[in-house]
Amino acid sequence: MSVLVTGGTGFIGSHTVVELLEAGYDVVVFDNFYNSKPCVLDRIKQITGKSVKFYEADMCDASAMKKIFAENEIDAVIHFAGLKAVGESVEKPLAYYKNNIGGTVVLCEEMAAAGVKRMVFSSSATVYGDPETVPMREDFPTSATNPYGETKLVIERILADVCVSDPEWSVSCLRYFNPIGAHKSGLIGEDPMGIPNNIMPRIQKVAAGEWDAITIFGNDYDTPDGTGVRDYIHVTDLAQAHIAALKRVYTVKGWECFNIGCGRGYSVLELIDAYSRASGKEIPKVIMPRRPGDIAVSYADPTKAKEVLGWEAKLTLDDMCRDAYNFLLKNPHGYED
Ligand code: WQD
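To keep things clear, this report deals only with the structure shown in the data block.

For helix H1 (residues 11-22), spanning twelve residues, the distance from its first C-alpha to its last is 17 Å, which sits close to the expected 16 Å at 1.5 Å a residue. With eleven of twelve residues buried, H1 lies mostly within the body of the structure. Within the sequence span of H1, burial applies to Phe11, Ile12, Gly13, Ser14, His15, Thr16, Val17, Val18, Glu19, Leu20 and Leu21. Glycine 24, located one to two residues past H1, shows a positive phi value of around 95°.

What follows is the structure, encoded as structure tokens:
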């Protein structure tokens, strides 16, 4: 039996595929390479010595999904595929709703038709909107502040409704906080297409000498040093959380959600300092106005994941920065075609 990983050549998907293969799972992957490169498959083989069965496919293409389920004995799905840029989602909401929500409906229809009723879903802490207090717990109210976050919230609700309609389904929604870092080998890491939005790939542009300075979006927040606070989590810890959730969906039915974070926040300035320590690189800073839509503080209460999944983050902020820089050193221009 195999695990199907949608979007499995992306940043978090590829790291999860590595952990799945090393845990002995047989893995089938599809990706449309919208935000990833084919060479990632070779890197995964270099790391693990194992291959995956790969399909270049789009989850909105029902016939492609049918073919994947017809040709493979799949008994669970880890679902990463989707558009994920907050800013882009504001400019192109219909593309986000059609791809992320429409594509997930097609995927679920083909899962049901094939009798595959286990899913681990890549959700996001963005579903909490701007919470009244921190740390965030899974029972906090949910709301979206942008179309990207709305797609994550709607997909969580779709999956909950599917579980109500058919009690044989088992779904685990993982609400990621801020994934950064890279595999310790430096063979896979974060290599976004185009101009990056997230802080770590932008810091890496400065470290690589491509940009002169990192922009700091606001230093007037109600935080210890005035800059935004986030719960950064090593992508390998995040990948391990998917293995824990996969085991869970084989043992229980119904819908669950889990915060996947370290449980503590670091400010932008603290992150930049940690990166400078890890890389030996000075990172010049330019203070800019706050970025629209940003919240001041976000960090997880990860108690539920520890108690129910038996998972907790192990790697530190310094590990995250060290491994991110190691990926940059080994891939100064990202993944080459
Ligand atoms: C982190 C902090 C910025 C860039 C988003 C999505 C979330 C998830 C992770 C997918 C904030 C500050 C950033 C820069 C800066 N994505 N910053 N200068 O916005 O917390 O979360 O990415 O699931 O869903 O919402 O991440 O890395 O963009 O920002 O000062 O050049 O860094 O203000 O405080 P964010 P981020």
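For the pair helix H7 (residues 199-207) and helix H9 (residues 268-279), the least separation of the axes is 11 Å and the interaxial angle reads 45°. The angle between the axes of H7 and H9 places the two elements in the oblique class. Considering how the two elements wind past one another, H7 and H9 form a crossing that is right-handed. Facing Ile199, Met200, Ile203, Gln204 and Ala207 of H7, the residues of H9 in contact are Val268, Leu271, Ile272 and Tyr275. For the contact of H7 with H9, the class distribution of residues is eight nonpolar, one polar and no charged.

What the second largest pocket holds in volume is close to 310 Å³. Glu190, Asp191, Pro192, Lys205 and Gly334 are, among the 21 residues lining the second largest pocket, the residues nearest its centre. Contributing elements (two or more residues each) for the lining of the second largest pocket: H7 and helix H11 (317-330). Tallied by class, residues from the lining of the second largest pocket come to eleven nonpolar, six polar and four charged.

With that out of the way, let us pick up the pattern of salt bridges. Applying the stated rule across the entire model yields 15 salt bridges. Between glutamate 110 and lysine 66 there is a salt bridge, and its shortest N-O distance comes to 3.1 Å. Placement of the pair is glutamate 110 in helix H5 (residues 93-113) and lysine 66 in helix H3 (residues 62-71), with a sequence separation of 44 residues. The exposure class assigned to glutamate 110 is buried, which follows from its relative accessible area of 9%. Glutamate 312 serves as the salt-bridge partner of lysine 306, at 3.4 Å between the closest nitrogen and oxygen. The exposure class assigned to lysine 306 is partly exposed, which follows from its relative accessible area of 47%. Connected via shared salt-bridge partners are Asp319, Arg322 and Asp323.

This next bit is on H3. Among the residues of H3, those classed as buried are Ala64, Met65, Ile68 and Phe69. Angularly, the buried residues of H3 cover 130° about the axis, an arc narrow enough to put them on a single face. In the core, the buried residues of H3 are packed alongside strand E1 (2-6), strand E2 (26-31), strand E3 (53-56), strand E4 (74-79) and H5.

Thresholds, definitions, all that
- Residues numbered from 1 in each chain as written.
- Predicted model: local features only at pLDDT ≥ 70, side-chain atom pairs only at ≥ 80, totals over all residues.
- Heavy atoms only, no water.
- Helix = DSSP H or I, 4+ residues; strand = E, 2+ residues; numbered from the N terminus.
- Expected span 1.5 Å × (residues − 1).
- Buried < 20%, exposed > 50% of the residue type's maximum accessible area, 1.4 Å probe, protein only.
- Axes fitted to C-alpha atoms, helices over the stretch in contact; angles between N-to-C directions.
- Parallel < 35°, antiparallel > 145°, perpendicular 65-115°, else oblique.
- Left-handed = near helix turned anticlockwise from the far one by under 90°.
- Contact = heavy atoms within 4.5 Å.
- Nonpolar A, V, L, I, M, F, W, Y, C, P; charged D, E, K, R; others polar.
- 1 Å grid on protein atoms, 1.4 Å probe; cavity = no way out; pocket = protein on both sides within 12 Å on 5 of 7 lines; lining within 4 Å.
- Points joined across faces, edges and corners; volume = space filled by probe spheres on them.
- Salt bridge = Lys/Arg side-chain N within 4 Å of Asp/Glu carboxyl O.
- Arc of directions from axis to C-beta.

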